[in-house]
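Working through the structure, step by step
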Amino acid sequence: METMGIEGIVETIKAYNPEADVAVLHKAHEFAAAVHRGQARRSGDPYLSHPMEVAAILTELKMDVRAIAAGLLHDAIEDTQTTMGEIRTRFGDEIADLVDGVTKLSKLTFSTRHDREAESFRKMLLAMAKDIRVIMIKLADRLHNMRTLDPLPEAKRHLIAKETLDIYAPLAHRLGMAKIKQELEDLSFRHLDPEAYRELAIQIAKKRREREAQINEVIAFLERKLTEVEIPCEIMGRPKHFYSVHRKMREQGKTFDEIFDLTAVRVITGTIKDCYGALGVVHSLWKPIPGRFKDFIAVPKTNMYQSLHTTVVGPKGEPAEIQIRTQEMHRTAEEGIAVHWAYKEGKATLDETEKNFLWLRQLLDWGRDLKDSREFLDTVRIDLFPEEVYVFTPKGDVKALPRGSTPIDFAFSIHTDIGLRCTGSRVNGRIVPLRYELRNGDIVEILTGAAQHPSRDWLKIVKTSRARGRIKVWIKNEERVRSIALGKELLDREVRKLGKGSPSLLKLETFTQVLEHCGVGSEEELHAAIGYGKISPRQAVLKLFPPEQTQAVVEEETKERKSRIKAAEEGIQIEGVDDILVHFAKCCTPLPGDEIIGFITRGRGVTIHTGDCSNMVAFRYDRERQIRVYWDEQVKIPHQVKIRVIIAEDRPGLLADISAAISSTNANIAQAEIRVTEEKRGVNTFVLEVLDLNQLQGAIQAIRRVRGVMGVERVRTL
């Protein structure tokens, strides 16, 4: 696709903003062309083509000239020798702040790529507090990068596509930008699972002509009936994007042939009154399916989306989804926040729809409060959960919460103190347990008690970042108090053992040396570190006594250590520790290549989990017991991992073909469980011994190529 030139961008801007001062665009274009001269993208295209396409996408969103100028300059700091001071001098503070908000922290040093990406994302979201255009530029940047991802290596493509699907597509959804969200999802799907994408594309293409004929029949009939009752409208078919079909098949366990609503009928009317009138006509023509009607006009989604949704039994007896909205609602559904941000006096300001973005302001507040970048990124993922339920307070106020939220989430959404003292809940006048999942239309009343406190189990059932964060803070504070007391007790006990004396020895001046030796600043910090298990009491007190006094105890400890499994032998490097007992968590079975987290388990050394292990969620608040760990690339030892193979139809020799596929990647089958159903379909489970993640992925790809294999997935637990 040919890149739009600067004149084409200017012409497009003039079409929606005739009075725009485009001189700054020409200036930004000339500057970007100069600093990127001689640079090329991985595809071989001139690097300037990327900022030009980002600017073109921003014009489609009808952004102002300064935002588009920032789009032209957004990579100047990161990929050239240009400084922020130079941008500020040439283009002013406003454009410089936009460029700075989008620029990654690539020139700073971080211990892991994950930390760098998390901190860069936090920086970008905090910049949104000053100017929403930062995220518009970033989404345009990410969209063009996803469109041109093919030349990159597979591992890099997979990484970028996963991040896009986890963060940027949900963010576009929460901002109401459906067109960008859908394209990001489809592009991510194509790179994350190209085989499933191609297969789905072929299946949809085969059905398209048949489905289009049925939809066109519905459209023509409905258009005639609405005209008869004098409801002016525009009706069109809207094919569902690939990823939404794939997700529906996966979540509902359906085959492609069981998905009937591949295309929705969209009715665009002039007024809200006509929307409800059209709904009456639709329900008079076809029988509505119970439970499938949603009124997002009366209760809009948090991203401003408004529409009536109903699913009816169509003329051929198949379900047909029909959406009804006004023209203004349609534009908001497609472009979202871009419609509602006005450009006034050099600042991007919210109009009367500001209340719809309270979630965004809460997210920004968390960004300022949370110092840990990874924890902030976890919070973002929770807050970008794409589906909501709408519940009511006893006074009739509406609260939008993520689907699956509990009364605890509702309590914290009202006030932190109410959440912390929540003892129970009454929903629609009936007492329900705290793990009850709220449903649309529930009227929720919270019961509290002065003696009630949060439980760690609450972290397993809450859905909102606000509730999760407040519970973590409370539990962390309580843990610290208990750990300080435990650490003091353990330290006193060790002094008695090694020094054969009173803990009053800790009052010696040499105690300052203990603090320095352990890298802590105060006695309280030392007690807390010992209580958490990060520092052994023996390590702390060895400095207090002469070596001859402790030699016998140390020799005994040395013998004991030799019988343990060392981190180095298992291919693990632990930050700041040379010799420690480790074991791998069976809940997530980490492999070399997985991102990993070390968690200090009292009495058991360090447990190694994957970075996305679900069991680590409840302990994310406990940063004191986490320790940085890395794979030692020099150590190559086999690790066991379980995979599940879904077989469409059993056939002679299939198992042999699967075994051969595994063997072709030098992976070893340690265990196999073969199950065949009466329909001759099977779900087979294998435990493989592999050296790293790349070998596992190679084995999975090889199995997927076997005829009759429907799908392969990694099972986290052994």
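Below you will find a few notes about this structure. (Residues numbered from 1 in each chain as written. Predicted model: local features only at pLDDT ≥ 70, side-chain atom pairs only at ≥ 80, totals over all residues. Heavy atoms only, no water.)

**Some remarks on the packing of helix α7 (residues 93-102) against helix α9 (residues 133-147)**
- Their axes nearest at 9 Å, the elements α7 and α9 cross at an angle of 55 degrees. Relative to α9, the element α7 lies oblique. Crossing of α7 over α9 shows right-handed handedness. Between α7, through Glu 94, Leu 98, Gly 101 and Val 102, and α9, the contact on the second element is made entirely by Arg 133, Val 134, Ile 137 and Lys 138. (Axes fitted to C-alpha atoms, helices over the stretch in contact; angles between N-to-C directions. Helix = DSSP H or I, 4+ residues; strand = E, 2+ residues; numbered from the N terminus. Parallel < 35°, antiparallel > 145°, perpendicular 65-115°, else oblique. Left-handed = near helix turned anticlockwise from the far one by under 90°. Contact = heavy atoms within 4.5 Å.)

**Here's the deal with unusual backbone geometry**
- Positive phi outside glycine occurs at Lys 62, with the angle close to 60 degrees.
- Examined against the element boundaries, Lys 62 turns out to sit in the loop between α3 (49-60) and α4 (65-73).
- Looking at Lys 62, the relative accessible area reads 42%, which means it is partly exposed. (Buried < 20%, exposed > 50% of the residue type's maximum accessible area, 1.4 Å probe, protein only.)

**Concerning the pairing of strand β22 (residues 709-715)**
- Most of β22 is tucked away, with 5 of its 7 residues classed as buried.
- Here strand β19 (residues 639-647) pairs with β22 via 6 bridges, running antiparallel. Paired with Arg 644 across the two strands is Glu 713, which belongs to β22. (Pairing = 2+ DSSP bridges.)

**Quick word on the sheet that holds strand β4 (residues 308-313)**
- Reading across the sheet, the 5 strands line up as β1-β2-β5-β4-β3 and stay open at both edges, with mixed pairing between neighbours. The open sheet terminates on both sides in strands that have one partner only, identified here as β1 (233-239) and β3 (294-295).
- Relative to strand β5 (residues 319-326), strand β2 (residues 263-269) is paired through 6 bridges, and the arrangement is parallel. By the bridge assignment for β5, Thr 269 is matched with Thr 326.

**Points about the packing of aromatic side chains**
- Considering all chains together, one arrives at 7 aromatic pairs under this definition.
- The interplanar angle of 75 degrees and the centroid separation of 5.7 Å between the aromatic rings of Phe 31 and Phe 91 together place this pair among those described as edge-to-face. Remark: Phe 91 occurs in helix α6 (residues 84-91) and Phe 31 occurs in helix α2 (residues 23-35); sequence separation between them is 60 residues.
- The buried category is assigned to Phe 31, whose relative accessible area is 7%.
- Consider the rings of Phe 189 and Tyr 197, whose centres lie 5.4 Å apart with planes at 70 degrees: the pair is edge-to-face. Take Phe 189 and Tyr 197: they sit in the same class, and that class is buried.
- Here a set of aromatic residues connected by ring pairs shows up, and it is made of Phe 189, Tyr 197, Phe 242 and Tyr 243.
- Lying across the ring of Phe 91, Lys 27 places its NZ or CZ 5.3 Å from the centre. (Phe/Tyr/Trp six-rings, centres within 6.5 Å; stacked < 30°, edge-to-face > 60°. Lys NZ or Arg CZ within 6 Å of the ring centre and 35° of its normal.)

**Some remarks on helix α14 (residues 272-285)**
- An ideal rise of 1.5 Å per residue puts 20 Å on 14 residues; α14 measures up with 20 Å between its terminal C-alpha atoms.
- Of the positions making up α14, those classed as buried are Asp 274, Cys 275, Ala 278, Leu 279, Val 281 and Val 282. Along the axis of α14, the buried residues cluster in a sector spanning 165 degrees; they form a single face. Opposite the packed face of α14, turned more than 90 degrees from it, sit the exposed residues Lys 273 and Ser 284.
- Contact partners of the buried residues in α14: α12 (194-228), β2, β4 and β5. (Expected span 1.5 Å × (residues − 1). Arc of directions from axis to C-beta.)

**A closer look at helix α23 (residues 523-532)**
- Of all 10 residues making up α23, 7 are buried, and the element is well covered by its neighbours.
- Turning to α23, its buried residues are Leu 526, His 527, Ala 528, Ala 529, Ile 530, Gly 531 and Tyr 532.

**Description of the state of the cysteines**
- Summed over all chains, the structure comprises 0 disulfides.
- The closest cysteine sulfur to the non-disulfide-bonded Cys 588 is located on Cys 613, 3.7 Å from its own sulfur.
- What makes Cys 588 buried here is its relative accessible area of 1%. (Disulfide = S-S within 2.5 Å.)

**Overview of the packing of α2 against α6**
- Taken N-terminus to C-terminus, the directions of α2 and α6 make an angle of 150 degrees; their axes are 11 Å apart at the nearest point. The angle between α2 and α6 places the two elements in the roughly antiparallel class. The chirality of how α2 crosses α6 is right-handed. Contact with α2, carried on its side by Val 24, Lys 27, Ala 28 and Phe 31, involves Glu 86, Ile 87, Arg 90 and Phe 91 of α6 and no other residues of that element.

**Brief notes about the environment of Glu 318**
- Structurally, Glu 318 is set in the loop between β4 and β5.
- Given a relative accessible area of 23%, Glu 318 falls into the partly exposed group.
- Expressed as a C-alpha distance, the spacing of Glu 318 and Ile 259, which sit 59 residues apart in the sequence, is 10.0 Å.

**A word on the sheet that holds strand β16 (residues 605-610)**
- The strand order β14-β16-β15-β17 describes an open sheet built from 4 strands, whose pairing is mixed. Lying at the two open borders of the sheet, with one neighbouring strand each, are β14 (582-584) and β17 (626-627).
- Sheet topology note: the β14/β16 ladder contains 3 bridges and is parallel. Bridging from a neighbouring strand, His 583 pairs with Thr 607 of β16.

**Things to note about the nonpolar core**
- Counting residues in hydrophobic clusters, the biggest one holds 59 residues, and the most contacted among them are Leu 25 and Met 177.
- Among the elements that take part in this core, α9 stands out by supplying 8 residues, more than any other.
- Once residues lying within four places of it in the same chain are set aside, the contact partners of Leu 25 are Ile 6, Val 10, Ile 13, Val 65, Ile 68, Ala 69 and Leu 72. (Core = buried A, V, L, I, M, F, W, Y, C linked by side-chain atoms within 4.5 Å.)

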